[in-house]
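The lines below spell out each chain.
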Amino acid sequence: MRFATESRAVNDDIFSAEHEELRSSVRAFVSKELLPHAQEWEAAESFPKEVFKRVGELGFFGLKYDEAYGGSGPDYTADAVVTEEFSRCGSAGVSASLGGHKDLATLYISNFGGEEQKQRWLAPSIRGEIVGGLAVTEPDAGSDVAGIKTTARRDGSDWVINGSKTYITNGAWGDFIVVAAKTDPDAGHSGLTLFVVEAGTPGFEARRMRMLGWRTGQTGELSLSDVRIPDENRIGDEGSAFYAIMQNFAWERIIMSLGQVTGAQLTYDIAKNYALERHAFDRPIGKFQVWRHRFADMATRIEAGRAMTYNALRMFIAGENPIKEVAMAKLYTAELAFHVADECVQVHGGYGYMMEFPAQRAWRDSRLGPIGGGTSEIMREIIGRTYGL
Amino acid sequence: MAWPFEPHHDELRTSIRAFVEAELAPNADEWEEKEFPDWVFTRMGELGFLGLSYPEEYGGSGGDYLCNIVLAEEMTRCGCAGLAMGVAVQTDMAVPPLYKFGTEDQKERYLVPAIKGEKIFCLGITEPDAGSDVQNITTTAKKVDGGWEISGRKIFITNGRRAHAMTLVAKTDRDAGHGGHSLFIIDTDTPGYTVERTLDKVGMRASDTGEISFTDMFVPEDALLGNEGEGFYNISWELQGERLIGAAGSIMGARRTFEAALAYAKERETFGKPIGKHQAIKHALADMATEIEAAQQLVYTAAVKVNRGEYPVREISMAKLLTGEVAWKTVDKAMQIFGGIGYSMDFPLQRAWRDARLIRIGGGTDEVMRDVIGKMEGL
């Protein structure tokens, strides 16, 4: 009993034994088939699209989706496990690409699409045969979703879309993109509608973007000029996009928080292992009190970030709409992951600054957290709003 | 009802809240001036609040550990943290070792009246020259005919002046290192036990804090609590409960302060709008709420583990460290939001500000927590 450090997971009210089995199998896949290639893929600044196929074969895209479309759900908890384990793949661009497919593009089809649309895009997505992306952000409108300028104009039974989208995960190689466009410029929040645009549609062009981090990701800038699509490609009712986007934000941000906590933990482990290995003045640098204390602070915040993220997940699964708790988890874990990565660079000293060490990659990759999926400033606005400010 | 609490915890919460708001909070200002009265213990004993998680055979309510967390959280509504601390010393610090390590006879004589609130307890660990460094205390208990003779000095003892009994840690073997400490249960009217003075503190002013000396104080053999030589380990066990209850109370106190600051920010106007609508204040409040949420979820994580009978030293130390920091940051931010009125002695915020500073020192400093955590992380 005295000072025992081993203890069972406290969160077995969330994760069942079956979930832990799933965790083992996803982890085995990630460590055998993804992690060994991480260095090579980072160097190449890309990864093979076949990875989607393989993940689909293993069923890891389908845990929250209905069996009718090849899923094994709906089990959002299981999906959260998959996300945590994907985060261990050693390349943020890879896990983000898998997540952009699993939690953004397909979630809209599943939640708001009709039967035919689900058979057409969701089922092959779950199998990993096609890859999807979600396009909301534009060069002049990111956090301010209602301010987007891309338009969709009715023309007979078709729609004609014009505009541009940017920072779209999987945008550069996506087989289909869920695009938010204005269908009624005067209707404000109620004037936005979602459409599926497939790659190869005339007028649709994608350009890959180079980024500070997430370098293996195929993030794209999209241009849509007179892109003509049939009404069958409209997802949900006309004017329903804003609310759909707001609704899906909860899951998207829980997923981001889970990834950020897992990432922070992995970066912490890298930093700690180095601190125990590297000697200065005849002892491991991690044994100097200043570093021991900084690691204690990091470990404490990682536990707290995990605890709050799991609580947001717990509430989401219980069917609540934990807007506040989700925004808090996203804000806290994003800032945390970057802080831990910066400490990781610091503890490595000169090596931390060198491209051959993983510290700088964690540092670059984690910097996106406070920007993507709603900036930290937007999270604070949301939290303030939930308190009536 | 929110995780990890169940409906029966919420019922308990409601009844504690009613008591605290009706019988304690109205006296906060007065008690802050001259310390809270002893009847608080007997009244809380009558209501069953001092024995929430002890078995019924000793007069307890047979509840789980989360009941203690509920008590600590609701006590923050009394308006002066010093009172909450005095009660917490009884419920979660000085008395639990009696239940855990005491003989049936000791439990009858001390645990039962402690639960009734008839005997007030204090805890003697810290000394003028040894606080965080428990191993180096110098109070000694020497084996003599029929008992022990104790000499030494303890300081910063909450309930020190008013206590009827003290749970004491003393050295029984100078040369045995960690194996040289033992716990004792001492009646404070024992000859040789002297309350030297009560200490004046910057905060927590509703509680009394004593400096106690022991001069050739003879106690019988059955004053030994637990096995001889196991005192260091047993007091380390005690400290876990002390730290977690302190963490639970301080973060809920921070939440109360946040709520007060939020209400003020909605009310107070500058430049034509409530200050909370200015983005700098709005975002400051969002950060405060986020950090409180993180720290409180960490407290609950540790509490659930304790509730299952685990011994989560790592999570408890983390919860203590983080809640202390967040509580302090919160009260200071709140003072900024309140501006001049926050600085006024006529307004309660300054009290919360002064009170909150203690959690980073008492029960193991921030620095000791980081050492514990760092060592458990292998550093």
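Residues numbered from 1 in each chain as written. Chains lettered and ligands numbered in written order. Predicted model: local features only at pLDDT ≥ 70, side-chain atom pairs only at ≥ 80, totals over all residues.

**Looking at the packing of helix α9 (residues 279–307) of chain B against helix α10 (residues 313–338) of chain B**
Residues and elements named next belong to chain B. Formally: Here the axes come from fitting lines to C-alpha atoms, over the contacting stretch only for helices, and the angles between their N-to-C directions go from 0 to 180 degrees. The helix and strand labels rest on DSSP assignments: H or I over at least four residues marks a helix, E over at least two residues marks a strand, and numbering proceeds from the N terminus. Comment on the angle field: the value is read as roughly parallel under 35 degrees, roughly antiparallel over 145, roughly perpendicular from 65 to 115, and oblique elsewhere. Should the near helix be turned anticlockwise from the far one by less than a right angle, the crossing is left-handed, and should it be turned clockwise, the crossing is right-handed. We call two residues in contact whenever the C-beta atoms placed from their backbones are within 7 Å. Nonpolar residues are Ala, Val, Leu, Ile, Met, Phe, Trp, Tyr, Cys and Pro. Charged residues are Asp, Glu, Lys and Arg, and all others, Gly as well, are polar.
Interhelical geometry of α9 versus α10 gives an angle of 155° and a closest axis separation of 9 Å. By the angle between their axes, α9 is roughly antiparallel relative to α10. As α9 runs across α10, the sense of the crossing is left-handed. Touching Ile281, Ala284, Met288, Glu291, Ile292, Ala295, Leu298, Val299, Thr301, Ala302 and Lys305 of α9 are Glu315, Ile316, Met318, Ala319, Leu322, Thr323, Val326, Lys329, Thr330, Lys333 and Ile337, all from α10. Considered class by class, the residues forming the contact of α9 with α10 number 14 nonpolar, three polar and five charged.

**Describing the nonpolar core**
Rules: Note on definitions: a nonpolar core is a set of buried residues drawn from Ala, Val, Leu, Ile, Met, Phe, Trp, Tyr and Cys, linked by C-beta atoms within 7 Å. Exposure is read from a count of other C-beta atoms within 10 Å of each residue's own; the residue is exposed at 12 or fewer, buried at 20 or more and partly exposed in between. C-beta atoms are placed from the backbone.
Membership of the largest hydrophobic core comes to 235 residues, with the highest contact counts inside it found for Phe195(A), Phe184(B) and Ala303(B). With residues up to four places along the chain from it excluded, the contact list for Phe184(B) reads Ala141(B), Leu168(B), Ala170(B), Val219(B), Ala223(B), Leu224(B) and Leu225(B).

**Structural notes on helix α8 (residues 289–317) of chain A**
All names here are of chain A. Applied cut-off: Working rule for helices: expected span equals 1.5 Å times residues minus one.
Here α8 contains 29 residues, and its C-alpha end-to-end distance of 41 Å stays within 8% of the 42 Å for a straight helix at 1.5 Å per residue. Across the 29 residues of α8, 24 count as buried, placing the element largely inside the fold. One or two positions beyond α8, positive phi appears at glycine 319, with a value near 90°.

**What about the pairing of strand β4 (residues 165–171) of chain B?**
Residues and elements named next belong to chain B. What counts is decided by this rule: By the convention used here, strands pair only if DSSP detects at least 2 bridges between them.
Judged by how many residues are buried, β4 sits mostly within the fold: seven of seven residues are covered. Burial of the side chains of β4 extends over both faces: Ala165, Thr167, Val169 and Lys171 are buried on one face and Met166, Leu168 and Ala170 on the other. By the bridge criterion, seven bridges tie β4 to strand β5 (residues 181–187) in an arrangement that is antiparallel. Each residue of the ladder has a partner; that of alanine 165, found in β5, is aspartate 187.

**Focus on the domain arrangement of chain B**
All names here are of chain B. Stated formally: All domain edges in this entry derive from an automatic or database-based domain assignment.
Each assigned domain of chain B is listed here: domain 1 (7–119), domain 2 (122–229) and domain 3 (233–376). The C-alpha centroid of domain 3 is placed 22 Å from the C-alpha centroid of domain 1. Listed per partner, the contact involves 22 residues of domain 1 and 17 residues of domain 3. If one sorts the elements of the side of domain 1 that touches domain 3 by residue count, helix α4 (residues 65–75) sits on top with seven residues. For the side of domain 1 that touches domain 3, the residue count by class is 13 nonpolar, four polar and five charged.

**Examining the environment of Thr172(B)**
Tracing the backbone shows Thr172(B) in the loop between β4 and β5. Setting aside residues up to four positions removed in sequence, Thr172(B) forms contacts with Ala141(B), Gly180(B), His181(B), Ser182(B), Glu228(B) and Gly229(B).

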